[in-house]
Structure formats: C-alpha cells, structure tokens
Amino acid sequence: MIDLRSDTVTKPSEAMREAMVRAEVGDDVYGEDPTVNRLQEMAAALLGKAYALFVPSGTMANQLSIRVQTKPGDEVIIESRAHIVRYEQGAAAALAGVQLHMVPTDRGVLDPAQVEAAIRPKDPHTLPTGLICLENTHNSGGGSIYPLATIERIREIALAHGIPMHLDGARLFNAVVATGVSAAEYARHFETGSFCLSKGLGAPVGSLVVTNDRPTADKLRRFRRMYGGGMRQAGILAAAGIYALEHNISRLKEDHEHARRLARLLQKIPTVSLEPDHVETNIVIFDVVGSSRSAQDIVAALKKEGLLLNAVGGTTFRAVTHLDVTTRDIEEAGRILSVVLTKE
Ligand SMILES: *Cc1c(COP(=O)(O)O)cnc(C)c1O
C-alpha cells in the first residue's frame, strides 16, 4: 500500500527506535527527564525562544496557547478552514470559552486587511479580540506557505492593537525548507508557536509549544497538566523527537519534490484539474472533473489498486508526501491514479 492520506502515517525508523530505547529518562512532571529537557532546549533554540514545552499533540499545543492568552468570551481571529477550526473538536469553545472569528480565504493565508477588519472596535457592544492565530503551512489551504512579509504586516497590525499572536506551525519546517526562512524568523512575530514532531519529521508522538515569556511558559505547563498532558518518563518519546530534529528536517525537500512530481503526473490525466503553482510543499490538492462516480467510490477504487488518499469534500482530493514514500512509490501512485481516473 502506498499511503498518501497524511504525513502522520509515518512509522519510526530503526535508528529512531534505537534512540528511543537508549533514552535516559526521569519524571517529567517533576521536570526531571533529561531527554525531554534536551528536546525542549533544542526546540526553543530552533524557534529562537526562551522556553519550550513538550506536549502529546499539536491539538494540545494549540489549545494551551489559546487558553493561556485569552479569557472566556474573548474572540480569536482565525482563517475559516484552520486546523483549530476544523479538526480540534471545538476545543477552543469547550476548553477556553472563546469565540472563533473565522475569516475565509482561498488558500489559507489571511490578507492583512482582512485581519485589520476583523479586529473588534473597543465599543460597549462588542467583545474583545484576544488573539490572532495563523497556520504555516496551511493544511486545508494545500500546504500553502505564509509569506514572511504578510506575517510582518499582520504583526504590525496586531501590535498596534495590543493583540498577541499564535503560530500553528504543525508543518513549520516544511515552510522553512521550502523558503529558506528560518524557523526563528517566522516565530519572532508570535508570542506562542507550535510545531509537530509526528508529521513529516517522522516521530511517533509529540509537539512543542514555545514562548519567550516566563509567566506564559509557567501557565502553559500548568494547563498542560490540567488538560491531562503531564507525562512521566516521556524521554522515550522525546528521544524520537530529538532524532527527528537532527535527521529529518532538511530531507523535507524530498517530500516537496515528490509532491511536485505527483502533481506533474496528475496533470497528464484528462479528468484531473490541478494548479501546479499551488503545490508549494508536501500537499497536493486536486479535483476530479466530470466523473459519474462519487469521491468515496474513487477512493475505494484507488485503495483496491494499492493507493490510499483522502477525499476532502465534493470532487476534491488530497495527497500528502512524507518520509515513508519513495520516488518509485510516487511513480506508481501516478500510474494507479491514471488508470483509475481515466476509466469511467
Ligand atoms: C496535524 C495538525 C495539528 C495537530 O494535530 P494533532 O493530530 O493533534 O497532533 C495542528 N495543526 C495543523 C495545521 C495540523 O496539520
């Protein structure tokens, strides 16, 4: 099976597993796991922040960041198809008590003018805007990259209004590798930022959330415990994360090349509609036009031929490249897609 459903399906390599076996551990709720501490120091340094906290998931990283920077009844400005909106089970409302002010875009990147217009005036009738969240790269936007200049402009607006910013950087390193902009250059514009170890970086579990502010760092740790994310001998997991940061960042460019290669193969199929310029990182979004079959039927037919990918609504499909797919797999995926999508 060639699995292009998500970059979360990667399995830890032998070398990563060896690093996990050898990990020195301690009780991390006491702050005594040396491997977790080392991972946190590495993550803080990479993103140019003073503090980093290891958490079980990207969802928890985002939700802690929202929780510690807002009050119930605040509003959070966010793109309408963000992970926080779509895939976190309503946690921002359920756990932080905030209202999401969802701003639609084509490909996930908010225009600074949209952000400015979404900020509520200080008026007795309106609620306070408590936080602005940006997602880089943007998952539902097709792995789109936030241009640094756009982030800088949004930052100016946020600072002028005294509103903090959170970066959902689950795939931040895909943006880093694609643009050459460092993770710290991106993160500089945000009070809190997160990234995932368990996507293209190939670790089995974990995300990090970073900040420069000591009280914020203390609150993140407190609410991690409240949300059930205080782990004990988590060094076994952190060792996989350290391995991922040391070995699996620069190779993301292979995933991007594979995505472009897949896009080129898809473009040759007459029933496929795809914008090649939109394939910026490791995600390929494409439409199948004029088929009498439902998206679910097409997914099932592809699966029968040995290819897994996701239908993401209507006639739209998503393929994600990652470190467990080879160039040969991509060629084979292209062949299967051509066979299945050409026959009626
Ligand atoms: C995957 C992802 C997350 C976190 O997901 P978890 O499954 O909770 O680790 C957060 N944001 C984005 C943009 C993602 O793609």
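Described below are features of the structure shown in this document. This is a predicted model, so every value here is computed, not measured.

**So, the overall build of the protein**
So, point 1. For the protein, the helix and strand inventory stands at 14 helices and 13 strands.
So, point 2. Seen along its three principal axes, the alpha-carbon backbone of the protein occupies a region of about 60 × 55 × 35 Å.
So, point 3. Scored against the burial criterion, the 344 residues of the protein give a buried share of 55%.
So, point 4. For the protein, the proportion of contacts with a sequence separation of at least 24, taken over those separated by at least 6, is 77%.
So, point 5. Counting every atom, the protein has about 14700 Å² of accessible surface; 51% of that belongs to carbon and sulfur.
So, point 6. In the protein, which carries 38 positive and 41 negative side-chain charges, the distance between the mean positions of the two groups comes to 3 Å.

**Some words on the nonpolar core**
So, point 1. In this structure, F54, I132, L134, F173, Y186 and L197 are the most contacted members of the largest nonpolar core, which totals 53 residues.
So, point 2. The element best represented in this core is helix α11 (residues 235-247), accounting for 6 residues.
So, point 3. When residues no more than four places from it in sequence are discounted, the contact partners of L197 are L39, F54, G202, A203, V205, G206, S207, L208, G241 and L245.

**Topic: the site of the ligand**
So, point 1. Residues in close proximity to the ligand total 13 residues, the closest being G58, T59, D168, R171 and K199.
So, point 2. Within the contact set of the ligand, an oxygen atom lies 2.6 Å away from a side-chain nitrogen or oxygen of T59.
So, point 3. Between the ligand and N139 there is a distance of 3.5 Å, counted from an oxygen atom to a side-chain nitrogen or oxygen.
So, point 4. Summarising the interface, the protein chains cover 84% of the accessible area of the ligand, which totals 380 Å² for the free molecule.
So, point 5. The dominant element in the shell around the ligand, judged by the number of residues it contributes, is helix α3 (residues 58-69), at 3 residues.
So, point 6. Tallied by class, residues from the shell around the ligand come to 2 nonpolar, 6 polar and 5 charged.

**With respect to the sheet that holds strand β12 (residues 310-311)**
So, point 1. The sheet built from 4 strands is open, its strands ordered β9-β10-β13-β12 with antiparallel pairing. Of all the strands in the sheet, just β9 (272-273) and β12 have a single pairing partner and so form its edges.
So, point 2. With 5 bridges joining them, strand β10 (residues 283-288) and strand β13 (residues 316-320) adopt antiparallel strand pairing. Each bridged residue has a counterpart across the sheet, and for F286 the counterpart in β13 is F317.
So, point 3. Running at roughly 15° to β10, helix α12 (residues 252-267) makes contact with β9, β10 and β13 of the sheet.

What counts and how
- Residues numbered from 1 in each chain as written.
- Predicted model: local features only at pLDDT ≥ 70, side-chain atom pairs only at ≥ 80, totals over all residues.
- Heavy atoms only, no water.
- Helix = DSSP H or I, 4+ residues; strand = E, 2+ residues; numbered from the N terminus.
- Buried < 20%, exposed > 50% of the residue type's maximum accessible area, 1.4 Å probe, protein only.
- Contact = heavy atoms within 4.5 Å.
- Areas by Shrake-Rupley, 256 points an atom, 1.4 Å probe, with all protein chains shown as cover.
- Lys, Arg positive; Asp, Glu negative; His and termini not counted.
- Charge placed at Lys NZ, Arg CZ, Asp CG, Glu CD.
- Core = buried A, V, L, I, M, F, W, Y, C linked by side-chain atoms within 4.5 Å.
- Near = heavy atom within 4 Å.
- Polar contact = N/O pair within 3.5 Å; in protein donor to acceptor, adjacent residues only side chain to side chain.
- Nonpolar A, V, L, I, M, F, W, Y, C, P; charged D, E, K, R; others polar.
- Pairing = 2+ DSSP bridges.
- Axes fitted to C-alpha atoms, helices over the stretch in contact; angles between N-to-C directions.

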